[in-house]
Amino acid sequence: MAETVFNEGSIDGTDFRVESDDNTHMFFIDGGNNRVGIGTNSPGLQFVVNAADAKSDNAYVAYIGNQEATDDRSYGLQIVAGSTVNDAPLFIQDHDGSNDLLIVRGNGRVGIGGTAPTELIEVFASSAPAIQLTQTGGTSYNGVIRLAGNDLEIRGSGGIMEFYNGANDGEYSTLRMK
């Protein structure tokens, strides 16, 4: 099998670069630091993809697709990283890194709007954090769990707080609170 090897002697500081029509560093290998960059000449991590401003306007930077059509045999992206509360296998921020949108910690805890979840799922917001549950298909129903100050609001589609014990729809419940 034919192959092409660059920097076979591992000469420190030897880089490899591929240009495109309007990007001098479309693909860049930083040989001295063992890093790869797409769209950057200074990858700060082992692998960096960077789309400069206006280069991906109204478009995604990356796409991972699996075209396998067999049910139960098509997978997307697997991240293997982290095992403790200090690890962050998945961390999503806004475009300039000033707002934390979602984090998955190595211990399985998920933070939405914050980075230090103490429960399995924790929603952080400066005022009235809420979770809305929506049932679709046929008749549509909504339910909201919201924290406002010291008040916890649990509301269904009818605006009434209901707790049921027994059947799923509350028809044969032994305990009911409205």
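What counts and what doesn't
Residues numbered from 1 in each chain as written. Predicted model: local features only at pLDDT ≥ 70, side-chain atom pairs only at ≥ 80, totals over all residues. Heavy atoms only, no water. Helix = DSSP H or I, 4+ residues; strand = E, 2+ residues; numbered from the N terminus. Buried < 20%, exposed > 50% of the residue type's maximum accessible area, 1.4 Å probe, protein only. Contact = heavy atoms within 4.5 Å. Areas by Shrake-Rupley, 256 points an atom, 1.4 Å probe, with all protein chains shown as cover. Salt bridge = Lys/Arg side-chain N within 4 Å of Asp/Glu carboxyl O. Pairing = 2+ DSSP bridges. Axes fitted to C-alpha atoms, helices over the stretch in contact; angles between N-to-C directions.

1. Some details on the overall build of the protein
Point 1. Helices and strands together make up the secondary structure of the protein, namely 0 helices and 13 strands.
Point 2. When the helices and strands of the protein are placed in sequence order, the string is β-β-β-β-β-β-β-β-β-β-β-β-β.
Point 3. Looking at the protein as a whole, 10% of its 178 residues are labelled buried.
Point 4. Contacts in the protein between residues at least 24 apart in sequence constitute 2% of all its contacts with a sequence separation of at least 6.
Point 5. Carbon together with sulfur atoms contributes 50% to the accessible area of the protein, which is approximately 14,100 Å² in total.

2. Regarding the environment of Ile 154
Point 1. Tracing the chain through its elements places Ile 154 in strand E11 (residues 151-155).
Point 2. In sequence terms Ile 154 and Ile 131 are 23 residues apart; their C-alpha atoms lie 9.8 Å from each other.

3. Overview of the pattern of salt bridges
Side chains that differ in charge, positive against negative, can pair when their charged atoms come close.
Point 1. In this structure the tally under the stated criterion is 3 salt bridges.
Point 2. For Glu 153, the salt bridge is made with Arg 146, and the minimal N-O distance between the two is 3.3 Å.
Point 3. Overall, Glu 153 belongs to the partly exposed group, its relative accessible area being 28%.
Point 4. The exposure class of Arg 146 is partly exposed, given its relative accessible area of 24%.

4. A word on the sheet that holds strand E9 (residues 130-135)
Point 1. Sheet architecture is open: 3 strands sit in the order E9-E10-E11, paired in antiparallel fashion. For this open sheet the edge positions go to E9 and E11, each flanked by a neighbour on one side alone. Adjacent strand axes in the sheet meet at a mean angle of 5°, parallel and antiparallel pairs treated alike.
Point 2. Examined bridge by bridge, E9 and strand E10 (residues 141-148) share 6 bridges and lie antiparallel to one another. Across the sheet, Leu 133 pairs through a bridge with Gly 143, a residue of E10.

5. Description of the pairing of E10
Point 1. Between E9 and E10, which pair antiparallel and follow one another directly, the connecting turn spans 5 residues, one of which, Gly 137, has a positive phi of 90°.
Point 2. One ladder, built from 5 bridges, connects E10 with E11; its direction is antiparallel. Note on E11: the bridge partner recorded for Leu 147 is Leu 152.
Point 3. Joining the antiparallel neighbours E10 and E11 is a turn of 2 residues, in which Gly 149 adopts a positive phi near 65°.

6. Considerations on unusual backbone geometry
Point 1. Even without a glycine there, the phi angle at Asp 72 is positive, about 65°.
Point 2. Note on placement: Asp 72 falls in the loop between strand E4 (47-49) and strand E5 (90-93).
Point 3. Taking relative accessible area as the criterion, Asp 72 reaches 73% and is therefore assigned exposed.
Point 4. Phi at Ala 128 takes a positive value of approximately 50°, unusual for a residue other than glycine.
Point 5. Relative to the elements of secondary structure, Ala 128 occurs in the loop between strand E8 (121-123) and E9.
Point 6. Residue Ala 128 is classed as partly exposed on the basis of its relative accessible area, which comes to 36%.

7. With respect to the sheet that holds strand E7 (residues 110-112)
In a beta sheet, neighbouring strands pair by backbone hydrogen bonds and run either parallel or antiparallel.
Point 1. Strands sit in the order E5-E6-E7-E8 across an open sheet of 4 strands; the sheet is mixed. Edge positions in the sheet fall to E5 and E8, since each has one partner strand and no second. For this sheet, the mean angle separating the axes of adjacent strands, direction not counted, is 10°.
Point 2. The sheet contact formed by strand E6 (residues 100-104) and E7 spans 3 bridges and is antiparallel. Among the inter-strand pairings, Leu 102 is bridged to a residue of E7, identified as Ile 112.

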